[in-house]
Amino acid sequence: MTTELIGVIQEIVKNYIKAVKLTDKATGTVLTEAPLSVQVDASIPPVSGPALLLTDGVRERTETVKGGAGGTVTVTEGLKAGDKVLMLRVKGGQQYIILSKLR
């Protein structure tokens, strides 16, 4: 009887952990830039909008050049359609943090 109870408890814990979708790494492909959407897995719809959080490493950023001819320079080009990205799935699987591009 005790072995059966332990087995049931283990199964409950395993199902709970699977259901809460703990934080995990994921990869995806950028489908569109504006609005940004990323295909994480072919079995689920693309992720977009507030479900995507961007780090500074993947945001487009330009800086003004001081001195010389002046102008601006692109420091980070941002995300483009077709880019492969490394992401962190946030607990619950409801949001993804895009950490960087994969080459």
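Just above sits the structure.
A brief report on the enclosed structure follows.

With that settled, the discussion passes to the overall build of the protein. Looking only at helices and strands, the protein features one helix and eight strands. Each helix and strand of the protein, ordered N terminal to C terminal, gives the series α-β-β-β-β-β-β-β-β. Taken over C-alpha atoms, the radius of gyration comes to 20 Å for the protein, far larger than the 13 Å a tight globule of 103 residues would show. Summarising its shape, the C-alpha atoms of the protein cover approximately 80 × 25 × 25 Å along the three principal directions. Classification of the 103 residues of the protein by burial places 19% in the buried group. Partitioning the contacts of the protein with sequence separation of at least 6, the portion at a separation of at least 24 is 46%. For the protein, the accessible surface area stands at approximately 7,400 Å², while carbon and sulfur atoms represent 58% of it. Averaged over its 13 positive side-chain charges, the protein has a centre that lies 2 Å from the centre of its 10 negative ones.

Taken together, the side chains of Leu5, Ile9, Val13, Tyr16, Ile17 and Leu22 present a nonpolar region at the surface, about 580 Å² in accessible area. Its location among the elements puts Leu5 in helix H1 (residues 2-20).

Okay, unusual backbone geometry next. That bond from Ala34 to Pro35 is cis: its omega, 0 degrees, falls within 30 degrees of zero. Residue placement: Pro35 occurs in the loop between strand S1 (24-33) and strand S2 (36-39).

With that settled, the discussion passes to the pattern of salt bridges. All chains considered together, the criterion is met by five salt bridges. With a shortest N-O distance of 3.8 Å, Glu11 and Lys14 are connected by a salt bridge. With a gap of three residues between them, Glu11 and Lys14 both fall in helix H1, about one helical turn apart. Given a relative accessible area of 52%, Lys14 falls into the exposed group. A salt bridge links Lys101 to Glu77; the shortest N-O distance between them is 3.0 Å. In this pair, Lys101 is assigned in strand S8 (residues 96-102) and Glu77 in the loop between strand S6 (72-76) and strand S7 (84-89), connecting sequence segments 24 residues apart.

The rules behind each value
- Residues numbered from 1 in each chain as written.
- Predicted model: local features only at pLDDT ≥ 70, side-chain atom pairs only at ≥ 80, totals over all residues.
- Heavy atoms only, no water.
- Helix = DSSP H or I, 4+ residues; strand = E, 2+ residues; numbered from the N terminus.
- Rg over C-alpha atoms; globule rule 2.2 N^0.38 Å.
- Buried < 20%, exposed > 50% of the residue type's maximum accessible area, 1.4 Å probe, protein only.
- Contact = heavy atoms within 4.5 Å.
- Areas by Shrake-Rupley, 256 points an atom, 1.4 Å probe, with all protein chains shown as cover.
- Lys, Arg positive; Asp, Glu negative; His and termini not counted.
- Charge placed at Lys NZ, Arg CZ, Asp CG, Glu CD.
- Patch = residues over 30% accessible without salt bridge, like charges linked within 9 Å, V, L, I, M, F, W, Y side chains within 5 Å.
- Salt bridge = Lys/Arg side-chain N within 4 Å of Asp/Glu carboxyl O.

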